[in-house]
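Here is how the chains run, residue by residue.
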Amino acid sequence: MYVLKFGGTSVGTPQSINTVFEIVKDQKTDHLLVCVVSAFSGVTNQLQLISELAQKRDPKYQEELENLRGRHKQIIAELLEDKAAETEELIMPLLLELAEIIHGTYLLRECSPRSKDLILSFGERLSATIIASFFRSKQQPAEFCDARFLIQTDDEYGSARINFETTNELISRYFQKKTNIQVTTGFIASTSNGVTTTLGRGGSDYTASVIAAALNVAEIQIWTDVNGVMTTNPSLVPSAFSLEHLTYEEAMELSHFGAKVLHPPTIQPALEKNIPIRILNTFDRAFKGTVISRMLNEKVHGITGLTAIDNVALLTIQGSGMVGVPGIAARLFQALAQRAINIILITQASSEHSICVAVKPEDAKTAKKVIESEFRHEIKAHEMNSVETEMDLSVIAVVGQNMRRVPGIAGKIFDALGKNSINVVAVSQGSSELNISIVVNLNQQRKALNVIHDAFYIAKDKLAIYLAGKGLIGSALLQQISELKNPDLTVCGIMDSKKLLINEKGINTLSWQSELANATVPADPDEIITHVRKNIHRAVFVDCTANEDIANSYESFLQNGIAVVAANKIANTMSIEKFKKLKQFSRNNKVSFFYETNVGAGLPVIETLQSLIRSGDEIDSIEAILSGTLSFIFNTFKTGTSFHDVVREAKQSGYTEPDPRIDLSGMDVARKILILARECGASLELKDIRITNFLPEASLKADTIDRFFESLKENEAVFQSMIADAEKEKKVLRYIASFKENKIEIGIQSVSADHAFYSLNGTDNIVAFKTKRYNRTPLVIKGPGAGAEVTAAGVLNDILKVLDN
């Protein structure tokens, strides 16, 4: 014998009712089938609305009542076609009775809980009558079964309690000689006097469980519109998946904390008789279902699932007068119980100094008054503080019967939350370790669910990328990400100077230009932070701009647990206090801050320097050519060439800024060598750097770029003299930055053939570290130090380091 229960969505349309028929037909063999049905989808809410309109004497109730009548007739017409008249005759007395009751409510302007239960009962009575008739029309012997004659309750209308002794006897007696399919009304019951009652939320599931337990059936099947019980809410956590099995206790815990599994009362009768409950999908019959039973399966993930209560308030009672005083907790719970305030969660400090209780937000104000009234004498004597109330919170419950046998579950939860800067307001855990409950801010609920879920179920965390800057480097980076095809990297945001494009599911890296052009959100780093805090559990902000305002936003990103990868050098060359603060935020929040491309584009300059220092080496000096522009100019400028022509060629080749003086002034080089010096522990500022300028004053102060080039021509003799002096000594000119003895100097130097910088080509950069270990021969890093492709590759490498961290 089996009991099958079909919810409102499963019987919501003629098409879905046809599917229900196919399911029942496939299972009907030689054993009795009990088919418990809910009201058609939306009908219970419609009946609720009709009763409320009638009570207010709003004539719109008649329109709603007619819509309800019309919907049921339409379903009959589509299901039974030429046989519809007979079924319409069956439901007509029900519709007339309903109309009379509603009219009475209208006249009296009153709808008591008893009357409301009677009104709501018509949803199931109508659906069961129609479905039983449809089954018969398909040559399946079926009978309408009114559960009001089987399930006896008290008179707590709206959520009546069952008298199991009488109910079990009534059910056993009724089904003793039944062989036809019993299409049974869910949700409804009656008192010993025959007055209609309802079983409350999840009542149809409860009906199925009660009948199944009384008949000691082999299995209860609950047919819904989803694939069983999932690890968590898939609308909040896209990576959620269906569970094959969970225990009764796990199902009750998940239900209590908001999971749409089964309501705890449904599970109890099945648990007592050890009857498995299988949750199936009416619209995906290939899915084998989630089985809820007593069996405890070994789970590889350590937990079963997690869920959340959306909105709670937390009340904290604390004070030295609570320590060692018996009865405090009892007084607290009794005071709240007397005002029918339900406690969702309780946590108490082991010192007995404080107790926290979570309640519904609508109960918070009353609960605070009740508690302060109960403990008014202690508060007046300053033995207890006034009650503190925190609103807009969420309770996340991590559930798993296996947790008691798996060490480190709690540690894994808090590590995941901590890494993502999610603050835990309160924690509660029973000694059985069946459930660990964590209170977080409501605006971080979604993110918390994702990070915990992925910590246990996903082998590797995915990384969401938010890019600022769509110029040469930014565009090249997006192209390289697209070519890499790494499934763990998703571009979720692109921002230029005006607009911000955000899509948590990912932006197409091949068509991002058109999407960004159509974006409507103004460019704002704070918008990215807000989005990540609510939706994304692991993110990196990538700055490919040269914007100071963007650089000033790094602190906010790091404080919110968002990694930063910067090609922009500005942040690291602001004040030394700012530099140290960024490093501190990165350490304190355990979040990555990488900026390899600040020096040497894609060359591993900073990473090498940090590795030397981390391993205990001591830096004696650094010499470097750090400008691809100046490297090209002095690699090209020789006797027989014009300095003016070389600079113009560099500009035409895209090696210089639009105004070449920005490169030739040495300021970009100064920023790079300053970063290296600071990595060595030097507390230097830009103003401390000594730059020996090689450009004549007239060239530096030229009004326009054209006038600048004219000035170079006018001063050509100066440059020719420099190259001639160098070549006379068989040397070459190089623009070198050096750091030694806590000092930085930048300028042109003549170097001989035995110098590491003598043989350079094109735009190559070169850095030489002389250290305690690399004393005789410096450690040299050499290669392309400019260009969008190599710089983008360096940025991408930093992103991959964040992913692996």
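What counts and what doesn't
- Residues numbered from 1 in each chain as written.
- Predicted model: local features only at pLDDT ≥ 70, side-chain atom pairs only at ≥ 80, totals over all residues.
- Heavy atoms only, no water.
- Helix = DSSP H or I, 4+ residues; strand = E, 2+ residues; numbered from the N terminus.
- Rg over C-alpha atoms; globule rule 2.2 N^0.38 Å.
- Buried < 20%, exposed > 50% of the residue type's maximum accessible area, 1.4 Å probe, protein only.
- Contact = heavy atoms within 4.5 Å.
- Areas by Shrake-Rupley, 256 points an atom, 1.4 Å probe, with all protein chains shown as cover.
- Lys, Arg positive; Asp, Glu negative; His and termini not counted.
- Charge placed at Lys NZ, Arg CZ, Asp CG, Glu CD.
- Pairing = 2+ DSSP bridges.
- Phe/Tyr/Trp six-rings, centres within 6.5 Å; stacked < 30°, edge-to-face > 60°.
- Lys NZ or Arg CZ within 6 Å of the ring centre and 35° of its normal.
- Axes fitted to C-alpha atoms, helices over the stretch in contact; angles between N-to-C directions.
- Polar contact = N/O pair within 3.5 Å; in protein donor to acceptor, adjacent residues only side chain to side chain.
- Parallel < 35°, antiparallel > 145°, perpendicular 65-115°, else oblique.
- Core = buried A, V, L, I, M, F, W, Y, C linked by side-chain atoms within 4.5 Å.
- Salt bridge = Lys/Arg side-chain N within 4 Å of Asp/Glu carboxyl O.
- Expected span 1.5 Å × (residues − 1).
- Arc of directions from axis to C-beta.

**Some details on the overall build of the chain**
Piece 1. Broken down by element type, the chain carries 29 helices and 29 strands.
Piece 2. In summary, the chain has a C-alpha radius of gyration of 37 Å against a globular reference of 28 Å for 805 residues, an excess of more than 25%.
Piece 3. Seen along its three principal axes, the alpha-carbon backbone of the chain occupies a region of about 120 × 75 × 55 Å.
Piece 4. The buried share of the chain, reckoned over its 805 residues, is 53%.
Piece 5. Summarising the internal contacts of the chain: among those between residues at least 6 apart in sequence, 72% fall at separations of at least 24.
Piece 6. Looking at the chain as shown, the accessible area adds up to about 35800 Å², and 48% of this sits on carbon and sulfur atoms.
Piece 7. One finds the centroid of the 85 positive side-chain charges in the chain at a distance of 2 Å from the centroid of its 95 negative side-chain charges.

**Details of the sheet that holds strand 29 (residues 779-784)**
Piece 1. The six strands are arranged 25-27-26-24-28-29 in an open sheet whose pairing can be described as mixed. Of all strands in the sheet, those with a lone pairing partner are strand 25 (690-691) and strand 29, marking the two edges.
Piece 2. Inspection of the sheet shows strand 24 (residues 619-625) paired to strand 26 (residues 732-740) by four bridges, in the antiparallel sense. Paired with I622 across the strands is F739, a residue of strand 26.

**With respect to unusual backbone geometry**
Across the chain, the bulk of peptide bonds are trans and the bulk of non-glycine residues have phi less than zero.
Piece 1. Even without being glycine, H382 reaches a positive phi, approximately 60°.
Piece 2. Along the chain, H382 turns up in the loop between helix 12 (376-380) and strand 14 (388-399).
Piece 3. Given a relative accessible area of 70%, H382 falls into the exposed group.
Piece 4. Located in the positive-phi region is K730, a residue other than glycine, with phi close to 55°.
Piece 5. With respect to the helices and strands, the residue K730 is situated in the loop between helix 28 (716-728) and strand 26.
Piece 6. Judged by its relative accessible area of 70%, K730 is exposed.

**Looking at the packing of aromatic side chains**
Piece 1. For the coordinates displayed, the defined rule picks out 18 aromatic pairs.
Piece 2. Summarising the aromatic geometry, the rings of F643 and F694 are spaced 6.2 Å apart at their centres and angled 90° between planes, so their arrangement reads as edge-to-face. One end of the pair, F643, is in helix 23 (residues 643-652); the other, F694, is in the loop between strand 25 and helix 26 (697-700), with 51 residues separating them in the sequence.
Piece 3. Its relative accessible area of 1% is what places F643 among the buried residues.
Piece 4. A network of ring pairs unites the aromatic residues F634, F637, F643, F694, F719 and Y735 as a single cluster.
Piece 5. Against the face of Y106 rests R57, its NZ or CZ located 4.5 Å from the ring centre.
Piece 6. Its end group placed over the ring of F594, K801 keeps NZ or CZ at 4.6 Å from the ring centre.

**Looking at the sheet that holds strand 9 (residues 277-281)**
Piece 1. As summarised here, the arrangement of the eight strands in space is 3-4-2-1-7-9-10-8, forming an open sheet in which the pairing is mixed. Across the chains shown, the open sheet's two edge strands, defined by having one partner strand only, are strand 3 (142-145) and strand 8 (245-247). Here the strands of the sheet are splayed against their neighbours by 20° on average, with no regard to which way each runs.
Piece 2. Note: strand 3 against strand 4 (residues 181-185), four bridges, orientation parallel. By the bridge assignment for strand 4, C145 is matched with T184.

**Notes on the side chain of K5**
Piece 1. Checked against the element boundaries, K5 lands in strand 1 (residues 2-6).
Piece 2. Note on K5: relative accessible area 8%, which makes it buried.
Piece 3. In this structure the side chain of K5 is engaged in a polar contact, spanning 2.9 Å, whose partner is the side chain of D205.
Piece 4. Setting aside residues up to four positions removed in sequence, K5 forms contacts with V36, S38, S204, D205, A208, Q221, I222 and W223.

**Digging into the packing of helix 4 (residues 84-108) against helix 5 (residues 113-137)**
Piece 1. Relative orientation of the contacting elements helix 4 and helix 5 amounts to 175°, with a least axis distance of 10 Å. Between helix 4 and helix 5, the interaxial angle falls into the category roughly antiparallel. Contacts between helix 4 and helix 5 involve T87, L90, I91, L94, L95, E97, L98, I101, I102 and T105 on the former and, on the latter, L118, I119, F122, R125, L126, T129, I130, S133 and R136.

**Details of the nonpolar core**
Piece 1. Ranked by internal contacts, the top residues of the largest apolar core, which has 105 residues, are L477, V542, Y554, F643 and I799.
Piece 2. The greatest single-element share of this core, amounting to seven residues, is contributed by helix 25 (residues 667-679).
Piece 3. Look past the residues within four positions of F643 in its chain and what remains in contact with it is I633, F634, F637, F694, L695, L712, E716, F719 and Q720.
Piece 4. Counting residues in hydrophobic clusters, the runner-up holds 52 residues, among them V210, I222, I309 and V312.

**Thoughts on the environment of A786**
Piece 1. Assignment of secondary structure puts A786 in the loop between strand 29 and helix 29 (788-804).
Piece 2. Overall, A786 belongs to the partly exposed group, its relative accessible area being 34%.
Piece 3. Once the C-alpha coordinates of A786 and T763 are considered, the two residues, 23 residues apart in sequence, prove to be 6.7 Å apart.
Piece 4. In this structure, A786 is in contact with A601 and G628, ignoring residues within four places of it in sequence.

**Some words on the pattern of salt bridges**
Should their charged atoms come close, side chains of opposite charge can pair.
Piece 1. Tallied over the full model, the rule gives 31 salt bridges.
Piece 2. Here K419 makes a salt bridge to D415, at a shortest N to O gap of 3.4 Å. On the criterion of helical spacing, the pair formed by K419 and D415 is a turn pair, its members being four residues apart in helix 13 (residues 409-419).
Piece 3. When its relative accessible area of 46% is taken as the criterion, K419 is described as partly exposed.
Piece 4. Note on D415: relative accessible area 40%, which makes it partly exposed.
Piece 5. Each of the salt bridges in this network shares a partner with another, and the network as a whole consists of R331, E374 and E378.

**What to know about the pairing of strand 13 (residues 354-359)**
Piece 1. Among the six residues that make up strand 13, six are buried, leaving the element largely enclosed by the rest of the structure.
Piece 2. Judged by which residues are buried, strand 13 turns out to be covered on both faces: S354, C356 and A358 on one side and I355, V357 and V359 on the other are all buried.
Piece 3. Sheet topology note: the strand 11 (residues 305-318)/strand 13 ladder contains six bridges and is antiparallel. In the sheet register, Q318 faces strand 13, and the bridge partner there is S354.
Piece 4. Two strands pair when backbone bridges link them, and strand 12 (residues 345-348) and strand 13 are joined in this way by four bridges, in the antiparallel orientation. Each bridged residue has a counterpart across the sheet, and for I346 the counterpart in strand 13 is V357.

**Quick notes on helix 6 (residues 164-175)**
Side chains of residues three or four places apart in an α-helix project in the same direction, reflecting 3.6 residues per turn.
Piece 1. Its twelve residues give helix 6 an end-to-end C-alpha distance of 16 Å, which sits within 8% of 16 Å, the value for a rise of 1.5 Å per residue.
Piece 2. For helix 6, the complete set of buried residues consists of T167, I171 and F175. Seen along its axis, helix 6 keeps its buried residues to an arc of 45°; they face one direction.
Piece 3. The residue sitting at the N-terminus of helix 6 and contributing the capping side-chain oxygen is N163; that oxygen lies 3.3 Å from the backbone nitrogen of E165.

**A closer look at the pairing of strand 24**
Taken residue by residue, a regular strand's side chains alternate between the two faces of the sheet.
Piece 1. One ladder, built from six bridges, connects strand 24 with strand 28 (residues 764-771); its direction is antiparallel. When the sheet's bridge partners are listed, A624 is paired in strand 28 with V767.

**Structural notes on the environment of S121**
Piece 1. Examined against the element boundaries, S121 turns out to sit in helix 5.
Piece 2. C-alpha of S121 to C-alpha of V440: the two residues are 319 residues apart in sequence and 40 Å apart in space.
Piece 3. Other than its neighbours up to four places away in sequence, S121 contacts I188 and T196.

**Focus: helix 27 (residues 705-714)**
Piece 1. Of the positions making up helix 27, those classed as buried are F708, F709, S711 and L712. Seen end-on, helix 27 carries its buried residues on one side only, within an arc spanning 155°. Exposed residues pointing more than 90 degrees away from the buried face of helix 27 are listed as D706, K713 and E714.

**Considerations on the packing of helix 8 (residues 248-256) against helix 9 (residues 264-273)**
Piece 1. With their axes 9 Å apart at the nearest point, helix 8 and helix 9 run at an angle of 170° to one another. Between helix 8 and helix 9, the angle falls in the class roughly antiparallel. Contacts between helix 8 and helix 9 involve Y248, E249, A251, M252, S255 and H256 from the former and P264, I267, Q268, A270 and L271 from the latter.

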